[in-house]
Number of protein chains: 4
Amino acid sequence: MSGNTYGTIFRVTTFGESHGTALGCVIDGIPAGTKIDSEVIQAALDRRRPGAKNSGGFNAAVTARSEPDKAEILSGVFNGYAEGTPLALEIRNTSQHSKDYSDIASSFRPGHADYTYFKKYGFRDYRGGGRSSGRETAARVAAGAVAKMVIEQTLKSSVSIKAFTLKAAGISCKNIDLNQIENNSMRAADSEAAGKMIERIEELRKEGNSTGGIIECRIQGIPAGLGECVFDKLDAELAKAILSIGAVKGIEFGAGFEAADLTGKENNDAMSIVDGKPVFDTNNAGGILGGMSNGNEIVFRAAVKPVPSIFIKQKTAAANFNPDAPILNETAPGTGTPAGLGTPSDNASDNVTLYQKEMQIQGRHDVCLCPRIVPVIEAMAAIVLADMLLRNKAARI
Amino acid sequence: MSGNTYGTIFRVTTFGESHGTALGCVIDGIPAGTKIDSEVIQAALDRRRPGAKNSGGFNAAVTARSEPDKAEILSGVFNGYAEGTPLALEIRNTSQHSKDYSDIASSFRPGHADYTYFKKYGFRDYRGGGRSSGRETAARVAAGAVAKMVIEQTLKSSVSIKAFTLKAAGISCKNIDLNQIENNSMRAADSEAAGKMIERIEELRKEGNSTGGIIECRIQGIPAGLGECVFDKLDAELAKAILSIGAVKGIEFGAGFEAADLTGKENNDAMSIVDGKPVFDTNNAGGILGGMSNGNEIVFRAAVKPVPSIFIKQKTAAANFNPDAPILNETAPGTGTPAGLGTPSDNASDNVTLYQKEMQIQGRHDVCLCPRIVPVIEAMAAIVLADMLLRNKAARI
Amino acid sequence: MSGNTYGTIFRVTTFGESHGTALGCVIDGIPAGTKIDSEVIQAALDRRRPGAKNSGGFNAAVTARSEPDKAEILSGVFNGYAEGTPLALEIRNTSQHSKDYSDIASSFRPGHADYTYFKKYGFRDYRGGGRSSGRETAARVAAGAVAKMVIEQTLKSSVSIKAFTLKAAGISCKNIDLNQIENNSMRAADSEAAGKMIERIEELRKEGNSTGGIIECRIQGIPAGLGECVFDKLDAELAKAILSIGAVKGIEFGAGFEAADLTGKENNDAMSIVDGKPVFDTNNAGGILGGMSNGNEIVFRAAVKPVPSIFIKQKTAAANFNPDAPILNETAPGTGTPAGLGTPSDNASDNVTLYQKEMQIQGRHDVCLCPRIVPVIEAMAAIVLADMLLRNKAARI
Amino acid sequence: MSGNTYGTIFRVTTFGESHGTALGCVIDGIPAGTKIDSEVIQAALDRRRPGAKNSGGFNAAVTARSEPDKAEILSGVFNGYAEGTPLALEIRNTSQHSKDYSDIASSFRPGHADYTYFKKYGFRDYRGGGRSSGRETAARVAAGAVAKMVIEQTLKSSVSIKAFTLKAAGISCKNIDLNQIENNSMRAADSEAAGKMIERIEELRKEGNSTGGIIECRIQGIPAGLGECVFDKLDAELAKAILSIGAVKGIEFGAGFEAADLTGKENNDAMSIVDGKPVFDTNNAGGILGGMSNGNEIVFRAAVKPVPSIFIKQKTAAANFNPDAPILNETAPGTGTPAGLGTPSDNASDNVTLYQKEMQIQGRHDVCLCPRIVPVIEAMAAIVLADMLLRNKAARI
């Protein structure tokens, strides 16, 4: 299993390389009768697009690569309703600029997956990162839009899943206002802070440098009792889903790492009964107890690393192979040896001589990924919740 | 799928409630011919045991419940070798003290899974947390010991997986020395800091309070190229595995949340060629790039929340049902309605009247979980790595 | 999980309805470095096509629907090699003739999946059977071609997977000659018998009737030891894969149902040592012992039912709903009730009044499915074997 | 994945070797609140036991090995109800007679899995077939009893799953009467035919020979709409489940292989409306259309091969290894080479010299497996149906 599928009942399989013919997804397990609004899917994709305009105007943080990202539904929907069969959806790549990448075909860009993919597969798709490109997340965003339809139609009530840039380029939001998120190109929940972020990002862009940030996600409207015991806890699944996004290096729920400094008395969320219903007085748990939603707002934060593509000379390694014959060693991959981990001496990638070099990345790249990752985090959260909701259908006799 | 299985090739299914007859695991996918040393499994369990002695003497941080935790292998091993068939292993519960818990059968302990399990299942196993108890992790530790055997025999080299308390009760390790870990009852990598932690924990114990902490895990000897693309990234799987441990509320890899403040130039790990082999000059990536190991040390940190069981009166909710008839509403669970999420009005747990109460937890409880979670984190990391290693066997033709 | 994925390591997900935009598949788990020959994939599709010509000329047995079935690879292949990432492949539908089916939108065709899909989903895609159409098998045939590449490149030797019509319209092959298969339009292994089959089929066509048959599959070149213990036995997986083909109603291995009449002495395949290698004197086991290949030829037969679409009036049931609003009951599918099985009174499909009617099917249809199922059986066998071969990679330390 | 788990939502994992410490199963996915009657589980096991008495007296067909087969539930049940957590269940082996098998440790019994397990794992558990022994089915029977509870409590109606010997030793039932099944030691649905079967079996026993048979299974009370589209069709899953039983070599549904000779007009099951409900006039489909139940009786037949253990000299192969050191080649399994399929020259099992021999099996063995497989077939059918029923919970919005 190569790891391109997420979910148990609501199952999303994505496919596609950055510079291949198309990318897309197949979503299996959409309950029959779910209303599928293809315009909502397209709107979600439009919001993720590199060139998407927020109301704040030009997006300083992100790349200029321009793709229409037009989704076409190939199957699974009839007269506007899910048939219960797989919904396949594709997005054709139109702006592929392969030449931009030809000079890096034999070099491993620092901070990128180039070296690790090469070690795993004995092979390189050097065209813009191939499968490891952030472009793959377009398929996730489309699937996330469908997931949200499933959640809301299952619950028969609306659910709010809102992520935003909490911090970027060292600058944090101070007065969190979720209504501000789409009013600035950082997708920050504080437009004043966003202004400072953009300033700092412009400086970094001029230096050819980049920056990271923290994204917070808040989810309202999820009933208590979602999540499975032991391994497939709700927070465990969210952690997997969010960490599966390329640049994310950490996640915390509720009080998170600060809980380490709290006492039990401070950290426990007391319960009150208000109008006959239980209410939590605080939310250090981030809405999840024992791996299941407790009915409180679900809150988590994700650490986003700086964009690895910078326009400053960097020291790295390169391999002396012919980039036009991407199989490094015709013999080795054909010998039927395992992936090299058990038998390093037969490892194709070990047969290649590496040498040190300085490299300078060219082309178009984001300075800070936060605003573009915001919709991806929302999408992954929706996918996890849709799956958990459907898994719960069989939880009781 | 109820979420009690982890892994794709190396698959661990755990079972057992805190106060049931036995707990244990079934491990499917152990390669035939793996040498299985049952004493190593038992030693791992002994190290996790509540009453385990570290060389430093009495363990101030942990509970006094005493279980022999004697593992019995039921299948899958013949003459000391794995047969390629499932290894089932059980640990009988002997110290069950059910009476300790009878007074909390109808109350939801703050910070525990009582309320969420009740909402999910319409049912309570009020005996010491049932399946949500930390006792379940014994099975993981046994499986982790087997996982390590698989890793080392597959790689034919030793691998070091070491977790330790980095911070507890607000006190951090200063001089990290992995040789100190087993020399103090906090399993801290700095025995001097450990002394201060223990002092502070003793104060909290007297107050009936508790505390959290941060555990760091460092893994050496893993080759580059482990991890699957897109969803089953190595860091995503580790995040899921670690967040599936009860008290863990966050995880970060390498620079983690601090990467948010770094520039790309600072954060990228440059590569050098030393003796013809690639070496990373720094390790902000925590040994994982693009979701795959890069050959560098794998480093992550987990946030551990304070023990929720404190001996201070707390405000919480309780339900007016008969704890001896744990099905809350005989009719509702028998109506075939879904798990209640889609049809709240038919939800068994919503038919029960909740009321507010003050509760005082009795019994024996840890003050800080860190020292006991250390072996669980190592075990989960080993399980993930064993699975990834076996998945990699089919990665190349 | 909606059941549109087959396989554990080599995983094939198909999508697409008979009259939707496109059908296709996503294949995850192809080992990186596998040479992918897209012409071989296209040739396999061409062989399955309704209008495909065998050397024998006009195919009497099959339908006249004409689709180019041109496969386009969307991802996963670079410079002719599998990247280790998902290979997505689509086939656009071009000859959709929706009008042909409009008169049957509210009737359940006897022998078809119309009624059962309606009961499961509360919904009908009345366009040519929707997802239950045999057209879906085009995606399987494409995936099977890739599977064969994986098998042969893994084994580094050629493998022969040959299915043929053993019996059709009551006429059996007598002198089996695998070289005859592509020489007659029945894909029978005996062209003389094929001639008689075709004669009988022509008579049935004139009567508006149809017929069934038996297909045999023989596989050479598979080493001993493929198949997993207990549930995922090689024969169990082959049985699932072959029974998942629409019209197949039975499968038997080796002596199969005749083994019921044999004694153990007759049925056991004795082993001889020839040139130091074990050889089986007979093959009643059909090449599979204890659920694993034994190195002998793998032999199985599949029972194919008569084509259910006949041009004779048939008694059946119909439902009084508006075929242009295919959700039968807007309220019911939106109520969040389960699939109707647990709560029949809320079942959308039970809210619809059924009435008896006589129906006469129109249009173009096969008389005997055997020649078109032959390549599908080969494809499914290849998919199972590729998966088992890759699963075996981790079978030993 | 080693194939010891069946099911998607209702998941059964079995473990245990014939002569190991214990065998058993872990069932994950039982809906919380299901009433679990442990006496029903034990009764099912008692019925499968080798020495089980049917009302007809001494069971001529089956072995004399006597095991109490006492099931102990280790987890997942509290106060008689499923908790929603895994139900683990173990059966200790008490009658292990290892010495009976020591003389066959280096020989491959014809018709058994000895050779194929050896080729797959490079290893032999020569104690009574190890994991490939029919003894493993005890765990399936226990799980099947739980599955039936889930089905009936989900549907809130009783379901009849009855298998019986239709043919054995060449003698067929003539007047099928399901009430006869437990009245004769063949579990035949015709006690007169059973008498003849027993006579013939006694003759075969005296000759040291054995025989096969055909088992039919009829299932009533299953609503229409169970089964998933494409790969996980109801008949496909039943085929897998039934073929996963050791001695089964074929399966057919409804008209099955005879459908090959029918015309479409004969084979299609017409529908009538009786009391406003659809009724099928015939049942050539065996209750399954398009891979989903159609509400009609589900009918299938399984071919059971003759018991391979006969007391007549047989020609077979043996290997010159030390049976007390079951790893055939210490070096090879430790080299990290794959399972031998890709790299035959490094294959441990190929390093062993094979030689031809005549062997004579000793000990206690069945003459005809049919009566003992009857409860296993019912159990596997129940497991499939429970899983399909729970999967259906999420089929509609």
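Above this text is the structure in question.
As a starting point, this report considers the structure included with it. (Residues numbered from 1 in each chain as written. Chains lettered and ligands numbered in written order. Predicted model: local features only at pLDDT ≥ 70, side-chain atom pairs only at ≥ 80, totals over all residues. Heavy atoms only, no water.)

Here we look at the pairing of strand β7 (residues 87-92) of chain B
Residue and element names in this part refer to chain B. Most of β7 is tucked away: 5 of the 6 residues are buried. Note: strand β3 (residues 22-28) against β7, 6 bridges, orientation antiparallel. Each bridged residue has a counterpart across the sheet, and for I27 the counterpart in β7 is L87. Strand direction decides the pairing type here: strand β4 (residues 71-73) and β7, joined by 3 bridges, are antiparallel. (Buried < 20%, exposed > 50% of the residue type's maximum accessible area, 1.4 Å probe, protein only. Helix = DSSP H or I, 4+ residues; strand = E, 2+ residues; numbered from the N terminus. Pairing = 2+ DSSP bridges.)

Things to note about helix α5 (residues 234-243) of chain A
Of all 10 residues that make up α5(A), 10 are buried, and the element is covered over most of its length. Turning to α5(A), its buried residues number three or more, namely L234(A), D235(A), A236(A), E237(A), L238(A), A239(A), K240(A), A241(A), I242(A) and L243(A).

Points about the pattern of salt bridges
Across all of its chains, the model carries 92 salt bridges over all chains by this definition. Across the salt bridge formed by R135(C) and D69(C), the nearest N and O atoms sit 2.8 Å from each other. You can see R135(C) sitting in the loop between α2 (114-121) and α3 (137-155) and its partner D69(C) sitting in the loop between α1 (38-48) and β4 (71-73), a full 66 residues away along the chain. Across the pair D261(D) and K167(C) runs a salt bridge whose closest N-O atoms are separated by 3.0 Å. A residue pair is termed interchain when its members come from two chains, as with D261(D) in the loop between β11 (248-253) and α6 (264-267) and K167(C) in strand β8 (residues 160-168). When salt bridges with common partners are traced through the structure, they connect E72(A), E90(A), R92(A), E72(C), E90(C) and R92(C) into a single cluster. (Salt bridge = Lys/Arg side-chain N within 4 Å of Asp/Glu carboxyl O.)

Comments concerning the packing of aromatic side chains
The description of two aromatic rings rests on the distance between their centres and on the angle between their planes. In total, this model carries 29 aromatic pairs over all chains according to the counting rule given. An angle of 65° between the planes, with centres 5.6 Å apart, marks the rings of Y117(A) and Y121(A) as edge-to-face. Taken together, the residues Y117(A) and Y121(A), both in helix α2 (residues 114-121) and 4 residues apart, mark about one turn of the helix. A residue is classified by how much of its surface remains accessible, and Y117(A), at 10% relative accessible area, is buried. The class for Y121(A) is buried, based on a relative accessible area of 5%. Through pairs of rings, three or more aromatic residues link up here, namely F108(A), Y115(A), F118(A) and F280(B). (Phe/Tyr/Trp six-rings, centres within 6.5 Å; stacked < 30°, edge-to-face > 60°.)

A look at the sheet that holds strand β7 (residues 87-92) of chain D
All names here are of chain D. The 5 strands lie next to each other as β1-β2-β3-β7-β4, forming an open sheet whose pairing is antiparallel. Lying at the two open borders of the sheet, with one neighbouring strand each, are β1 (5-6) and β4 (71-73). Each of β4 and β7 is contacted by helix α1 (residues 38-48), which is oriented at about 150° to β4, the strand it contacts most. Each of β2 (11-15), β3 (22-28) and β7 is contacted by helix α3 (residues 137-155), which is oriented at about 30° to β3, the strand it contacts most. (Contact = heavy atoms within 4.5 Å. Axes fitted to C-alpha atoms, helices over the stretch in contact; angles between N-to-C directions.)

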